[in-house]
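# Chain and residue survey
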Amino acid sequence: MTSLTRGDGSVYLTVERNRAENWIHAQWHGRQTLGSIMDGGLTYVDMLREEPCPKLLNDHRGLVGDFSAANDWIEQVWTPLIVGAGLRYFAQVLSPDIFGQLAIENLQIRIGDLLHIHLFDSLENAQNWLRGRP
């Protein structure tokens, strides 16, 4: 498991490879900045380059607030990198925060033609969807 921390030592992202399920599970915590999203996104890319994996379980249940300022970077930089590293299926567990939900819905519109991205209200439903993917 990899944990990324803020300057104050608080964890903003934990990323774990689940080999049994063949996915990467990322859990976001608190408010995010463009910098934290870029660092977290590039952590995924590095993990896939080291050991390819077609599925991402991206969990926003602990995320607070809007991150739409990062959507341009995610669309233009991260998505081509992550697709090139082998990601195909993106299961997104929604934040309880409406601003986080709106940001990910906007992102789905932007990158949905490059990745199979689906939004879920529960971790269990996201996991079950990923289990049905090759």
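Here, every reference points to the structure presented above.
This structure is a prediction, so every number in the text was calculated from the model and none was measured.

What follows concerns the overall build of the chain. Looking only at helices and strands, one finds four helices and six strands in the chain. From first element to last, N terminus to C terminus, the chain shows the α and β order β-β-β-α-β-α-β-α-β-α. Relative to the 2.2 N^0.38 estimate, which gives 14 Å for 134 residues, the radius of gyration of the chain is 13 Å and therefore close to what a compact globule would have. Its C-alpha atoms give the chain principal-axis dimensions of about 35 × 30 × 25 Å. Counting the 134 residues in the chain, one finds 47% classified as buried.

Okay, a nonpolar patch on the surface next. On the surface, Ile98, Phe99 and Leu102 cluster together to form a nonpolar patch covering roughly 300 Å² of accessible area. When you line up the elements, leucine 102 lands in helix H3 (residues 98–111).

Time to look at the packing of aromatic side chains. Counted according to the given criterion, the structure contains six aromatic pairs. Taken together, a centroid distance of 6.2 Å and an interplanar angle of 75° make the contact between tyrosine 89 and tryptophan 129 edge-to-face. With tyrosine 89 in strand E5 (residues 89–93) and tryptophan 129 in helix H4 (residues 123–131), this pair connects stretches of sequence that are 40 residues apart. By the burial criterion, tyrosine 89 is buried, and tryptophan 129 matches it.

The subject of this paragraph is the pairing of strand E6 (residues 116–120). Of the strand pairs in this sheet, E5 and E6 are connected by five bridges, and their pairing is parallel. Bridging from a neighbouring strand, tyrosine 89 pairs with histidine 116 of E6. Where the polypeptide runs from E5 across H3 and back to E6, its parallel neighbour, the crossover connection is right-handed.

Basis of the calculations
- Residues numbered from 1 in each chain as written.
- Predicted model: local features only at pLDDT ≥ 70, side-chain atom pairs only at ≥ 80, totals over all residues.
- Heavy atoms only, no water.
- Helix = DSSP H or I, 4+ residues; strand = E, 2+ residues; numbered from the N terminus.
- Rg over C-alpha atoms; globule rule 2.2 N^0.38 Å.
- Buried < 20%, exposed > 50% of the residue type's maximum accessible area, 1.4 Å probe, protein only.
- Patch = residues over 30% accessible without salt bridge, like charges linked within 9 Å, V, L, I, M, F, W, Y side chains within 5 Å.
- Areas by Shrake-Rupley, 256 points an atom, 1.4 Å probe, with all protein chains shown as cover.
- Salt bridge = Lys/Arg side-chain N within 4 Å of Asp/Glu carboxyl O.
- Phe/Tyr/Trp six-rings, centres within 6.5 Å; stacked < 30°, edge-to-face > 60°.
- Pairing = 2+ DSSP bridges.
- Right-handed = clockwise from strand over helix to strand, strands pointing away.

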